[in-house]
Amino acid sequence: MMHRPLPAPATQQRAWSWLPDRQSLLLLGPYAAGFAVAHWIAAAWGGTGFYSLWYPAAGLRLALLWHAGARLTPFIAIVEILVGTAKGLFSPGAPDWPLTLWGIVRPVFAYGATVAAIRWLASGSRANVLVPPMPLGLAAVAAPNVAALSALPEALWRPDLTGVEGARDMITSLAAFAVGDLLGVLMLAPPLLWIAEMFARRRRPRLRIDAAWGPALAESTALLLGAIGLTEILRRVELGMQPMPVILAVAWIGLRFGRAAVWLALLVVTLLILPHTAQDMTTAARLELHLSLATVVVVGYLAGSFADAQRQARIDVERRDRLLFQAERLKTLRAMSVAVIHEVSQPLSTLAIEAKHLHAITGISDPEIAQSAALIDRKAATLSHLVRRLRGYGGRVVDEPTPLPVTALIESVAALVAPEAKSRGITLKVAPVDPDLVVLAQGVELAQAVVNLLRNAIQSASDGKVRLATAREGPRIQIIVTNRHGADLAPHSGMGVGTLVARAIVEAHGGAVSRNLTPFGDVIATISLPAIGEAG
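Residue positions are counted from 1 within each chain, in the order its sequence is given. It should be noted that, the model being predicted, local features are given only for residues of pLDDT at least 70 and side-chain atom pairs only at 80 or more, the latter also being counted only at that level, while totals for whole chains, interfaces and linings use all residues. With hydrogens and water excluded, all non-hydrogen atoms of the structure serve as input to the side-chain values.

### Focus on the overall build of the protein chain
The condition that has to hold: Helical segments are the DSSP runs of H or I of at least four residues, strand segments are the runs of E of at least two, and each set is numbered from the N terminus. Burial status follows relative accessibility: with a 1.4 Å probe on protein chains alone, a residue under 20% of its type maximum counts as buried, one over 50% as exposed, and anything between as partly exposed. In what follows, a contact means two residues having at least one pair of non-hydrogen atoms within 4.5 Å. Only the protein chains shown count as cover for residues, and the accessible areas themselves come from Shrake-Rupley with a 1.4 Å probe.
Tallying secondary structure elements over the protein chain gives 18 helices and seven strands in all. Burial statistics for the protein chain: of 536 residues in total, 44% are counted as buried. Within the protein chain, contacts between residues separated by at least 24 positions form 76% of all contacts whose residues are at least 6 apart in sequence. Carbon and sulfur atoms make up 66% of the accessible area of the protein chain, which amounts to about 27900 Å² in all.

Here you go:
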């Protein structure tokens, strides 16, 4: 049972609501226009039945679901029904209209279910395994295949609607479905999500010209063009369209320069392949070429993601080393401060005693002398009290915990992170704190742990809001930091080390840190600590 429950953050309350937020609903208008255009473009690559071997609309669909959350699925289905109706693909009065309607909404719900499942897998304790960009990559591969498999019962039951009869044609048709969606997703979803990330963070993409770009660009261009030329030579000598040279080229580019560079290389390869496969050719021939293209795209993204992860790991290690160096300097300064405070405290205490005695014996003297003596007494007492506090902070082992009201902790950390939040355009909302919540902790260290989680949330908040709340659950007190995460791209600098430091501090206090990602894109970081008198 909850004891003295506090109002949950607004994001947590909304996480279980089936209604999307207003910002997500506003995206449905542009999505309808984009889906109609993408659906029209896909007709040039139509294969057996009604499936396309290049279906860019799937990339739009996954990008919107991943950005706004799986709860937008029914609304996306309604949009696609309206688009289908406007294009004459669906008519409520036609025979078999329920099956036609189901054929339109089936892939939408397949994509929505896949996104929700992968978001769930990437939350809680599983988040340590499925770290960005792995969840998005898994969704990009899984959603097209789930959608294709969902079409199998209909293909078996009503082959007259799909125009596919026989096991061979059915397998070819469903494979075309999966490959077409996969190519559409891989080529459109990542850049769309990157653009959404930039808009959500109110940042303009900055192109930084580096002197090393020239040789790197020349190297990548020569390597890619050489691979494409070798592939063409092999095709002309009737050895078939061999993807291996291009695979090696894009893998090299990805490992050298990351996902952004490899996406540009893949765009070049795709623009060379798609016009060729849009010509009159058999579905089997198209499928072979598009399977090769899909292989090239997947390998390129894997190589680019690995390079980006390695680069981020180096940044995190360098930042950790800087933190350790700063911690060592602070430790040295603390030792020096303790020594100085110890030397000053004794004479200052004597001075305070003598000032008090002087004040007492000058009470009947000249008023001006008495006033000066009183001022000396007050200042000496103030300095003596300040030195005693400093000595208690530094002379006593700093790691020694003391009773700490959570209200004071929350007020201090909110004041510390407020300037950074303001500079990034983030609104920090602090829920009311129960004044009875007290933990046994070292105040400075625990504040550092909460600040680290708040800074992570501020750096990754996509809706401009971060929420800080507290609650008591049984014998434990929870400090909850909530934000809406943006598109699932590479993690931002500091997302790893800050959390590790916070976890180390909290665990030293007998607590735990958890980080949950809800299916709707809400990130909830929770510090759980024993309430005062409940430890052990």
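### Description of a nonpolar patch on the surface
Put simply, the rule is: Patch building starts from residues that exceed 30% relative accessible area and form no salt bridge, then joins like charges within 9 Å and nonpolar side chains (Val, Leu, Ile, Met, Phe, Trp, Tyr) within 5 Å. Just to be clear on terms, a salt bridge is a Lys or Arg side-chain nitrogen sitting within 4 Å of an Asp or Glu carboxyl oxygen.
Judged by side-chain polarity, Leu192, Trp194, Ile195 and Phe199 come together as a nonpolar surface patch covering roughly 410 Å² of accessible area. Note on placement: Leu192 falls in helix H10 (residues 167-200).

### Let's talk about the packing of aromatic side chains
Basically, it comes down to this: A pair of Phe, Tyr and Trp rings is counted when the ring centres sit within 6.5 Å of each other, with Trp represented by its six-membered ring. The angle between the planes then sorts it: under 30 degrees is stacked, over 60 is edge-to-face, the rest tilted. Charge over a ring is defined by NZ of Lys or CZ of Arg lying within 6 Å of the ring centre and within 35 degrees of the ring normal.
Taken as a whole and judged by the stated rule, the model has two aromatic pairs. A centroid spacing of 5.7 Å and a plane angle of 35° characterise the contact between Tyr31 and Phe35, whose relative ring orientation is tilted. In this pair, Tyr31 and Phe35 both sit in helix H3 (residues 28-42), four residues apart, roughly one turn of the helix. Exposure remark for Phe35: the relative accessible area of 4% places this residue in the buried category. Centroid distance Trp45 to Trp54: 6.4 Å. Interplanar angle 80°. Geometry classified as edge-to-face. For the pair shown, Trp45 and Trp54 are each scored as buried. Geometry around Tyr111 places Arg61 over its ring, the cationic atom sitting 4.8 Å from the centre. Just above the ring of Trp66 sits the side chain of Arg119; from NZ or CZ to the centre is 4.0 Å.

### Some thoughts on the nonpolar core
As a rule of thumb, nonpolar side chains are buried together in soluble globular proteins. Note the threshold: As used here, the term nonpolar core means buried Ala, Val, Leu, Ile, Met, Phe, Trp, Tyr and Cys residues forming a set that is joined through side-chain atoms within 4.5 Å.
Of all hydrophobic cores here, the largest spans 75 residues; its most connected members are Leu62, Ile76, Tyr111, Val250 and Val297. Tallying contributions element by element places H10 first for this core, with 13 residues. Those residues in contact with Val297 that lie beyond four places of it in its chain are Leu183, Leu186, Met187 and Leu266. Membership of the second largest hydrophobic core comes to 34 residues, among which are Leu454, Ile505, Ile527 and Leu529.

### Describing the packing of helix H5 (residues 73-86) against helix H6 (residues 97-121)
For clarity, the threshold we go by: An axis is simply a line fitted to the C-alpha atoms; with a helix, the fit covers only the stretch in contact. Between two such axes, the angle follows the N-to-C directions and lies from 0 to 180 degrees. Orientation categories follow fixed angle ranges, with anything under 35 degrees roughly parallel, anything over 145 roughly antiparallel, 65 to 115 roughly perpendicular, and all other angles oblique. Here is the rule for handedness: rotate from the far helix to the near one, and if that takes an anticlockwise turn smaller than a right angle the crossing is left-handed, while a clockwise turn gives right-handed. For this classification, the nonpolar set comprises Ala, Val, Leu, Ile, Met, Phe, Trp, Tyr, Cys and Pro, the charged set comprises Asp, Glu, Lys and Arg, and every other residue, Gly included, is treated as polar.
For the pair H5 and H6, interaxial distance at closest approach is 9 Å and the crossing angle is 150°. The orientation of H5 with respect to H6, classified from their angle, is roughly antiparallel. The handedness of the crossing between H5 and H6 comes out as right-handed. When H5 is examined against H6, the residues Thr73, Pro74, Ile76, Ala77, Glu80 and Ile81 are found in contact with a partner set consisting of Leu101, Ile104, Val105, Val108, Phe109 and Gly112. Considering only residue class, the contact of H5 with H6 consists of nine nonpolar, two polar and one charged.

### With respect to the confidence of the model for the protein chain
Selection criterion: Per residue, pLDDT measures the predictor's confidence, with a range of 0 to 100.
In the predicted model, the protein chain carries a mean pLDDT of 78, and the fraction of residues at 70 or more is 76%. Counted against residues more than four places away or in other chains, residues 1-17, with its pLDDT under 50, gives 37 contacts. Overall, residues 487-495 carries pLDDT values under 50, and its contacts beyond four positions in sequence, including any with other chains, amount to 33 contacts.

### Looking at the environment of Ser91
Take Ser91: it is sitting in the loop between H5 and H6. The exposure class assigned to Ser91 is partly exposed, which follows from its relative accessible area of 39%.

### Concerning H5
Stated precisely, the cut-off is as follows: The span one expects for a helix is its residue count, reduced by one, times 1.5 Å.
The end-to-end C-alpha distance of H5, which contains 14 residues, comes to 20 Å, matching closely the 20 Å that a straight helix rising 1.5 Å per residue would cover. Every buried residue belonging to H5 is among Thr73, Ile76, Ala77, Val79, Glu80, Ile81, Val83 and Gly84, and all of these are buried. Packing partners of the buried residues in H5 comprise H3, helix H4 (56-68) and H6. Phi turns positive one or two residues past the end of H5, at Gly88, with a value near 80°.

### Section: helix H13 (residues 259-277)
With 19 residues, H13 extends 26 Å between its outermost C-alpha atoms, agreeing within 8% with the 27 Å of an ideal straight helix rising 1.5 Å per residue. Burial in H13 covers these residues: Arg259, Val262, Trp263, Ala265, Leu266, Val269, Thr270, Ile273, Leu274 and Thr277.

### Structural notes on the sheet that holds strand E4 (residues 461-473)
We apply this condition: Strand pairing is assigned whenever DSSP identifies at least 2 bridges connecting the two strands.
Sheet architecture is open: five strands sit in the order E2-E4-E5-E7-E6, paired in mixed fashion. What marks the edges here is a single partner per strand, and that holds for strand E2 (427-430) and strand E6 (512-517). The average angle at which neighbouring strand axes cross in this sheet is 15°, direction not considered. Relative to strand E7 (residues 522-530), E6 runs antiparallel, the two sharing six bridges. Residue pairing across strands places Asn516 opposite Ile524, the latter belonging to E7. Helix H17 (residues 443-460) contacts E2, E4, strand E5 (476-485), E6 and E7 of the sheet and is inclined by roughly 150° relative to E4.

### Describing the pattern of salt bridges
For the structure on display, the rule yields seven salt bridges. Between Arg236 and Glu232 there is a salt bridge whose closest N-O contact spans 3.1 Å. Residue Arg236 and its partner Glu232 are both found in helix H11 (residues 213-236); the two are separated by four residues, about one turn of the helix. Across the pair Asp308 and Arg311 runs a salt bridge whose closest N-O atoms are separated by 2.8 Å. Here Arg311 and Asp308 lie together in helix H14 (residues 283-361), a separation of three residues that amounts to about one turn. The class for Asp308 is buried, based on a relative accessible area of 17%. Connected through salt bridges with shared partners, the residues Arg259, Asp308 and Arg311 form a single ionic network.

### Some points on the environment of Ile104
As for its placement among the helices and strands, Ile104 is situated in helix H6. The spatial distance from the C-alpha of Ile104 to the C-alpha of Glu80 is 7.1 Å, given a sequence separation of 24 residues.

### Examining the side chain of Ser528
Note the cut-off: In protein, a polar contact requires one atom able to donate a hydrogen and another able to accept it; more generally it is a pair of N or O atoms within 3.5 Å, and residues adjacent in sequence count only if both atoms are side-chain atoms.
Checked against the element boundaries, Ser528 lands in strand E7. What makes Ser528 buried here is its relative accessible area of 13%. Within the structure, the side chain of Ser528 is placed 2.8 Å from the side chain of Arg476, a separation counted as a polar contact. Ignoring anything within four residues of it in the chain, the contact list for Ser528 reads Arg476, Ile477, Gln478, Val506, Gly511 and Ala512.

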